[in-house]
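# Structural overview for review
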Amino acid sequence: MGNRTLSLGLVLRALFLDNDAYDQLRDDDNPFIEGLFLVIIIGAVTALLNLIGQLLAWAGTPSMSAIKDAVWQAFPTMQWWSQMAGNATAMAQFKQYYDMGWQIFPALFGAPDPASAAANIVLWPLAAVLSWLLYGTLAHLFARMLGGAGRYSQTLGALSLSFTPFLLRGLGFLPYFTVGAVMNTWQLICRYKAIRSAGQLSWGRAVWATLLPFLVYLVFWVVVGVIGGLGLTAAISAMQGR
Amino acid sequence: MSAWIRTLWNGAIFHGPAFSGLNERRDAFLQGLLIVLVIGLVVGLPGLIGDVVAGLRPNAVEAEMDKAMSEMDQVVQQMRPFLGNMPSGTLDEIIAQIKENMRFGFDIARKVEAMPTILPKPIDRVFQAIGKWASKPFGGSGFPLGGAILSTWLGYGIWVMLFARLLGGRGTLTGFFGATALYAVPHVLGFFAFVPVLGGILGFLAYFWGLAIYVKGTSVSHQLSIERALLAVLLPALIALLVAIISATGLATLIAISMSGAR
């Protein structure tokens, strides 16, 4: 059993960009395990806190199906309704879109959903671990190419501290609280700090090693988009050829 | 607390030691975060009180509907001179349609309001007001450094930091964020945003005052001349504007080419 470096103090110091916090986790005897533990804990604890806020908001909101019915019952007061009511096909189509809309829009507009919030206790740590490993691997490769000295486990260990801004999600225990883009920007800054510490790079090289993984993501999505577009075009032309 | 407020005041009046003091602190980033967060929350207080009071009124939906309808009438009266070419009958029809849709929305809101909930309605409304107020400093800003908002302080800050470094700056990331956070101080004037006319004027004043403080903070933390610091602060916005113009022109050209090719 190795030494335990992680502590609440270290996490807070990393959140507030203290260089020593990143160096300390980098120099741990098993930075990967400590990092993995931290990423999972941040995901799970913030999801739990968020669940409290979602439950409180849900308790203060009428049932979604009752709202859906109320909207449907109000439609006949609109002028256009009488024109559409005579056309059975149009009515059926409208009802279909209406039902579909109610499956999509409440979630998009932030309607309280305790079931999804509960699922996040598993999903957030899982997504965080995947993002940590994927970004960490790419960032480590680029850092090495740029002359970085750190081991893979050191890069991952230091990068786990870049998930500390996600603690802001924990403020979601306040119902109706939302965090905007600040979390991702803050994480980017922490990633720069982590990569610089792990690779012991100059600031310029650390900036490149931080940003280049996003270029890989962009290229990947462009390639997926082009292949998807070509596939769709081929499918449509094949259907027209029949 | 009084020392903290003195630092904020000294920052607002461009007193150099306020900036260098924050820049050199080990917890500069935390201090900067607290400045932006606290000012963001203070500015939101009148909104919080207004929302709580409005939410606890017995006929909240009716009051909201009357307010929205009278605001709509005001907007239409203000716009009438600019709609000279539009026949008044058409305009009246459009307004009637919009009002019908608004009434439809409020009708549903009234029904939803009457539906039962597990939590008493007043408690939920207070929760909503607090949630909205607490979220404000964590939200987005329509304009770079356009308020005491964390995302613009960090999001715009990383670009300024980069340009300051490229222009020869020697500041640290934490020191830079600490010193530039003082830009948020004039935004405390946003507290009076609810006052008609005066609120807008104070907001305008706060923006440029905050921008000047931001330039001073950049200059002190990076040990750059004011001219270079100004360049570092403006370049990210200018480059973003240039990229937007080039993209829009390129897109418009592509559309024009494809349309002429289709003929």
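Residues numbered from 1 in each chain as written. Chains lettered and ligands numbered in written order. Predicted model: local features only at pLDDT ≥ 70, side-chain atom pairs only at ≥ 80, totals over all residues.

## Section: the overall build of chain A
- For chain A, the helix and strand inventory stands at ten helices and zero strands.
- Traced from its N-terminal end to its C-terminal end, chain A shows the element sequence α-α-α-α-α-α-α-α-α-α.
- Compactness check: chain A gives a C-alpha radius of gyration of 24 Å against a globular reference of 18 Å for 242 residues, more than 25% above the reference.
- When its C-alpha atoms are laid out on the principal axes, chain A stretches across 75 × 55 × 30 Å.
- Counting the 242 residues in chain A, one finds 36% classified as buried.
- Across chain A, every contact between residues at least 6 apart in sequence was considered, and the portion connecting residues at least 24 apart equals 77%. (Helix = DSSP H or I, 4+ residues; strand = E, 2+ residues; numbered from the N terminus. Rg over C-alpha atoms; globule rule 2.2 N^0.38 Å. Buried ≥ 20, exposed ≤ 12 C-beta atoms within 10 Å, placed from the backbone. Contact = placed C-beta atoms within 7 Å.)

## A short note on the overall build of chain B
- For chain B, the helix and strand inventory stands at eleven helices and zero strands.
- For chain B, the succession of helices and strands along the chain, N to C, is α-α-α-α-α-α-α-α-α-α-α.
- For chain B, whose C-alpha radius of gyration is 24 Å, the value lies well above the compact-globule estimate of 18 Å for 263 residues.
- Along the first, second and third principal axes, the C-alpha set of chain B runs to 65 × 65 × 35 Å.
- Taking all 263 residues of chain B together, the buried fraction comes to 29%.
- Long-range contacts, defined here as pairs at least 24 residues apart, represent 71% of the contacts in chain B between residues at least 6 apart.

## Considering the interface of chain B and chain A
- Each partner contributes residues to the interface: chain B has 33 residues there, and chain A has 28 residues.
- Secondary structure elements with two or more residues in the side of chain B that touches chain A: α3 (28-43), α6 (88-114), α7 (121-135), α8 (150-166) and α9 (173-180) of chain B.
- With nine residues, the single largest contributor to the side of chain B that touches chain A is α7 of chain B.

## Some points on the packing of helix α7 (residues 114-145) of chain A against helix α10 (residues 203-241) of chain A
All names here are of chain A.
- Where α7 meets α10, the axes come as close as 8 Å, and the angle between the chain directions of the two elements is 125°. By the angle class used here, α7 and α10 are oblique. Helix-helix and strand crossings are classified by hand; for α7 and α10 the assignment is right-handed. Contacts between α7 and α10 pair Tyr135, Leu138, Ala139, Phe142 and Ala143 from the former with Trp208, Ala209, Thr210, Leu212, Pro213 and Val216 from the latter.
- Taken together, the residues of the contact of α7 with α10 break down into ten nonpolar, one polar and no charged. (Axes fitted to C-alpha atoms, helices over the stretch in contact; angles between N-to-C directions. Parallel < 35°, antiparallel > 145°, perpendicular 65-115°, else oblique. Left-handed = near helix turned anticlockwise from the far one by under 90°. Nonpolar A, V, L, I, M, F, W, Y, C, P; charged D, E, K, R; others polar.)

## Some details on α9 of chain B
- By the criterion of burial, α9 of chain B is predominantly enclosed, with eight of the eight residues buried.
- Residues of α9 of chain B that are buried sit in contact with α9 (182-199) of chain A together with α2 (16-24), α3, α8 and α10 (198-222) of chain B.

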